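Results of the structural survey
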Amino acid sequence: MAASNTAEHAAKRRKTRQASGSVTIGGKTISVEGYLASSRPKQPEANRPRSIAPNSPQEQPTNLPSRQATKPVLPDKKAPYTKSRASNETKDQALLKARRELPIWQHQEEIRAVVKRLGTDVIVIVGETGSGKSTQVPQFLYQEPWCRRHKVKLPGRRDDIHVGGMIAITQPRRVAATTLAHRVSAEAGTPLGKGRSDGLVGYSVRFDHQVPRGARIKFLTEGTLLQELLRDPHLKQYSAVVIDEIHERSLDVDLLAGFLKQILFGDKTERGGVPLKVIIMSATAEVGVIQEFFGNDAMPGKEKASNVDLLRIKGRQFPVAILYEPQPVADLQDALLKKIFKIHVEEPLPGDILAFLNGQEDIESAQRLVEEYATSLASNVPKIVAVPLYGQLSIEAQRVAFQPARSPLTRKVVLATNIAETSVTVPGVRFVVDCGKAKVKQYRPRLGMESLLAKPISKSSAVQRAGRAGREGPGKCFRLYTEDAFDKLQDSDLPEILRNDVLGAVLTMKARGIQDVLSFPLMDAPEPASIEMALLHLHFLGALEDDGAITPAGEMMARFPLSAPLGAVLLAAAGPEFDCVLEVIDAISCLTSGDDIFIHVQSEEGAEEAEAHRRDVQRREGDIITYLTTMQMYAAENSDRIDWCKKRKINIRNMKQALNIRRQLRGMCLKEKLLSEMPAPDPQPFTPLSPERAEAVIKCFLRGFAMRTAMLAPDGSFVTINGKHVVAIHPSSVMHGQKKEAIMFLEHVYTNKNYAKKVSAIQAAWIAEALGRGVGH
DNA sequence: GAGCACTGC
């Protein structure tokens, strides 16, 4: 009886909906013609004939195996393989079998042969997703004779030194480096784990180093290898360096490429004449810039052209049909929702949807609208559930996006930012909706500020997004723009080195012995004017002498895992004038752990509640002292830190990260003699910072950020000292809405407006004082 | 008075 009731009810609902052929959601009327009226089978069949849009290529049957992920999927604490004594042999056999099936396996001999004869030339391996390049290439090479550890005698030195023996392989992200190391160590028969001191494979990332005795393969993040370069400019422990994922063109990888090129073509005396093999790996085909770069024309003073061997390896992607809009869409958000509903109506289950949106705001509004739509669905048709996915979400909230929909016959639609393009892989996706835009951060050297605006994506980014539909089976990608618009997109994204402040990059070069940074080899060189501004800035910070040589302070700044201005702040704090290293470390730890430790609460009640609970950490001196207080109270908390964070709507993950950074910085300050002794362990009783100490801390920060200050104008606005721009205090600041004589801000971002972020109240006189004397003066 | 993609040492 109940069943017939609901059926009747559903039929009724269907009828009313059918009459209009549209639903009204969030004040917008959206046509769902054919959906609510359609008599969909309750159990969609996988082989149901589909209508294929005229402009889509025919889907091809495929005999490719269905799952393959060489890339780590989502952050997972566990290693991908677990040991089991009983089935070790079969497990090893299974691993070998899986390796043999990888597309790259057939190229094994070819890769060995090419790498063997590499001298000053390099090999570029283009391997699509799933080719197995990241896991296999180091394993193909480590037993080669050239990869042995050499004992050499250097001129003028009595003792022999060792050169080579290990292969370094770099990754842009920590999770990638550690999960790959776990996987490869298992494949190599010496799985990483507790209580194991020997093994063939290790990794080294920030906060986590596991390099067993006798390791021949070492996975590292690009940043870690750059740090190693500081101690050893010739990378003496390595026989080969593999640069993976170079197509992402991070700032670090561009610098690494420059240093590797210098090692390749430079003097080998320090390496005892032992050459370094360089293997470059990319997931995208556009490697022209890389080939040209290593083809040595770009190296000043070298005539001979080198060979750049190029090897292309097929991936394991299923075909993805691309469908464009016939006309440009006027309202992206509206088009996106219509497309999601259309897919839900016309495409079979299972098959989740992954939609790429601009940012958190768009995601939240789209989520509300999809949810409204979901409630309007007839009860006898598959349901739809919307899940957000962006970086600022908590781990638990992100996890939802990776799990299958809870109830059966439900289609999940993941509304994601760019995070789903490279950083994580959402399983179960067969349909991608691509809005064609992404928010891009760009530094404006002239203004000394950055902007964060939505811009059209590149072709390579669009291809990457589409590929997300073909991980588990043939898929479809719906682009919310015309084919013509796609053709007009840039081929690839602007590399980070052209979008960022080069201050840190210049310090990195100077600290690694580059005198003339303008002629350092780079695949894409920033404007000379940007580099010159960075040099001046570093000089002001006390990192460079008047003649441009690096100072001892600059060398120390380069050793710290901090931006140059924050490094200068830390050094100032160690001086007798301020003597507040521990306080500054506490503030810096919170300032640099992810985007923000304070979660932005959407709802008004939630915001008020968080506000009420946060009152005990907030300080009128501004954000820096508020962060400092937060760390001190958190570290003093002895009962339940998680609960303490939850009440105040503080991001637990970022807070834990802050604690890691604090531990690392304390350790380094001790080593660098900025601290004379290790402070007492937590928890220590909390005592609020006195106003005098707070002033000292803020004055330390002024030594790094004197140029990022603004004065209150008669009309109530703030005008920057540098450039006389009007800035508004960002709403996320505790200083928002307050009027003080002058402010200092650590960040300067243009979005809808010119915003100052991470703001502190200062006195105008302090600015002159700080401008008069940099750190080293 | 109003809001922010992603990494890394």
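To keep things clear, this report deals only with the structure shown in the data block. (Residues numbered from 1 in each chain as written. Chains lettered and ligands numbered in written order. Predicted model: local features only at pLDDT ≥ 70, side-chain atom pairs only at ≥ 80, totals over all residues. Heavy atoms only, no water.)

So, about the overall build of chain A. Looking only at helices and strands, chain A has 25 helices and 25 strands in total. Among the 777 residues that make up chain A, the fraction classed as buried is 52%. Considering only contacts within chain A whose residues lie at least 6 apart along the sequence, 73% involve residues at least 24 apart. (Helix = DSSP H or I, 4+ residues; strand = E, 2+ residues; numbered from the N terminus. Buried < 20%, exposed > 50% of the residue type's maximum accessible area, 1.4 Å probe, protein only. Contact = heavy atoms within 4.5 Å.)

A complete count under the given rule lists 35 salt bridges for this structure. Residue glutamate 747 is joined to lysine 758 by a salt bridge in which the shortest nitrogen-to-oxygen separation is 3.0 Å. Placement of the pair is glutamate 747 in strand β24 (residues 742–750) and lysine 758 in strand β25 (residues 754–762), with a sequence separation of eleven residues. Note on lysine 758: relative accessible area 10%, which makes it buried. (Salt bridge = Lys/Arg side-chain N within 4 Å of Asp/Glu carboxyl O.)

Looking at the element boundaries, alanine 335 is found in helix α9 (residues 332–346). Residue class for alanine 335 comes out buried when judged on its relative accessible area of 11%. Note: C-alpha distance between alanine 335 and cysteine 435 (100 residues apart in sequence) is 8.8 Å. Apart from residues no more than four positions distant in its own chain, alanine 335 is found in contact with Val329 and Leu480.

Okay, the packing of aromatic side chains next. As enumerated under the stated definition, the model contains seven aromatic pairs in all. Centre to centre, the rings of phenylalanine 293 and phenylalanine 294 are 4.9 Å apart; their planes meet at 80°, and the pair counts as edge-to-face. The ring of phenylalanine 293 carries lysine 261 above its face, with NZ or CZ at 4.5 Å from the centroid. Between the NZ or CZ atom of arginine 641 and the centre of the ring of tyrosine 634, over which it lies, the distance is 4.8 Å. (Phe/Tyr/Trp six-rings, centres within 6.5 Å; stacked < 30°, edge-to-face > 60°. Lys NZ or Arg CZ within 6 Å of the ring centre and 35° of its normal.)

Our next topic: the protein's contact with DNA strand B. Taken together, 32 residues lie near DNA strand B, and Arg174, Gly391, His600, His736 and Lys757 sit nearest. By atom count, sugar and phosphate contribute 59% of the portion of DNA strand B lying within 4 Å of the protein. In the model, a phosphate oxygen of DNA strand B is placed 3.4 Å from a nitrogen or oxygen of the asparagine 752 side chain. Elements with a contribution of two residues or more to the surface near DNA strand B: α6 (222–231), β18 (437–444) and β25. Element by element, the count of residues in the surface near DNA strand B is highest for α6, at three residues. (Near = heavy atom within 4 Å. Polar contact = N/O pair within 3.5 Å; in protein donor to acceptor, adjacent residues only side chain to side chain.)

A separate point is the sheet that holds strand β7 (residues 201–205). Judged by pairing direction, the sheet is mixed, and its eight strands sit side by side in the order β8-β7-β9-β6-β10-β11-β3-β12 without closing on themselves. Every interior strand has two partners, whereas the edge strands, β8 (208–210) and β12 (308–313), have only one. On average, adjacent strands in this sheet sit at an angle of 20° to one another, irrespective of strand direction. As paired strands, β7 and strand β9 (residues 217–221) are joined by four bridges and run parallel to one another. When the sheet's bridge partners are listed, glycine 202 is paired in β9 with lysine 218. Its contacts with the sheet place α6 against β6 (166–171), β7, β9 and β10 (238–243), and it is angled at close to 105° to β9. (Pairing = 2+ DSSP bridges. Axes fitted to C-alpha atoms, helices over the stretch in contact; angles between N-to-C directions.)

Counted at 1.5 Å a residue, the expected span for α9 with its 15 residues is 21 Å, and the 21 Å between its end C-alpha atoms agrees. Within α9, eleven of the 15 residues are buried, which leaves it mostly tucked inside the rest of the structure. Every buried residue of α9 is listed here: Gln333, Asp334, Ala335, Leu336, Leu337, Lys339, Ile340, Phe341, Ile343, His344 and Val345. At the N-terminal end of α9, a side-chain oxygen is found 3.2 Å from the backbone nitrogen of glutamine 333, two or three residues along, and the residue is aspartate 331. (Expected span 1.5 Å × (residues − 1).)

The next thing to look at is the sheet that holds strand β17 (residues 429–434). Taken together, the six strands give an open sheet; going across it, the order is β13-β20-β17-β14-β16-β15, and neighbouring strands pair in parallel fashion. Two strands lie at the open edges of the sheet, namely β13 (320–323) and β15 (383–389), each paired on one side alone. Strand-to-strand twist across the sheet, computed as the mean angle between neighbouring axes with direction ignored, equals 20°. The pairing of β15 with strand β16 (residues 410–416) spans seven bridges and is parallel. From the neighbouring strand, valine 387 faces β16, where its bridge partner is valine 414.

Glancing now at a negative patch on the surface. Residues Glu604, Glu605, Glu608 and Glu611 make up a contiguous surface patch of negative charge. For glutamate 608, the location among the structural elements is in helix α20 (residues 604–614). (Patch = residues over 30% accessible without salt bridge, like charges linked within 9 Å, V, L, I, M, F, W, Y side chains within 5 Å. Areas by Shrake-Rupley, 256 points an atom, 1.4 Å probe, with all protein chains shown as cover. Lys, Arg positive; Asp, Glu negative; His and termini not counted. Charge placed at Lys NZ, Arg CZ, Asp CG, Glu CD.)

By the element assignment, glutamine 327 lies in the loop between β13 and α9. Accessibility expressed as a relative area gives 56% for glutamine 327, which makes it exposed.

So, about the pairing of strand β4 (residues 150–153). Direction of pairing for β4 relative to strand β5 (residues 160–163): antiparallel, over a ladder of four bridges. Each residue of the ladder has a partner; that of valine 152, found in β5, is isoleucine 161.

Right, let's get into unusual backbone geometry. Between leucine 349 and proline 350 the backbone carries a cis peptide bond, its omega angle lying at -5°. You can see proline 350 is positioned in the loop between α9 and β14 (352–356). With an omega of -5°, the peptide bond running from aspartate 682 to proline 683 counts as cis. Inspection of the secondary structure puts proline 683 in the loop between α23 (652–671) and α24 (691–705). A positive phi angle is found at lysine 649, which is not glycine, with a value near 50°.

The biggest cluster of nonpolar side chains holds 114 residues, and the ones touching the most others in it are Val584 and Phe701. No other element matches helix α7 (residues 251–265), which puts ten residues into this core. Sequence-distant contacts of valine 584, defined by excluding residues within four places in its chain, comprise Val569, Leu570, Ala573, Val697, Cys700 and Phe701. With 33 residues, the next largest nonpolar core counts Ile167, Leu192, Leu311 and Ile313 among its residues. (Core = buried A, V, L, I, M, F, W, Y, C linked by side-chain atoms within 4.5 Å.)

Running from N to C, helix α18 (residues 564–574) and α24 point in directions that differ by 140°, and their axes come no closer than 7 Å. Judged on the interaxial angle alone, α24 and α18 are oblique. In this structure, α18 meets α24 at a crossing whose hand is right-handed. Mapping the contact onto sequence places Pro565, Leu566, Ala568, Val569, Ala572 and Ala573 in α18 and Cys700, Phe701, Arg703, Gly704 and Phe705 in α24. Residue classes in the contact of α18 with α24 are distributed as nine nonpolar, one polar and one charged. (Parallel < 35°, antiparallel > 145°, perpendicular 65-115°, else oblique. Left-handed = near helix turned anticlockwise from the far one by under 90°. Nonpolar A, V, L, I, M, F, W, Y, C, P; charged D, E, K, R; others polar.)

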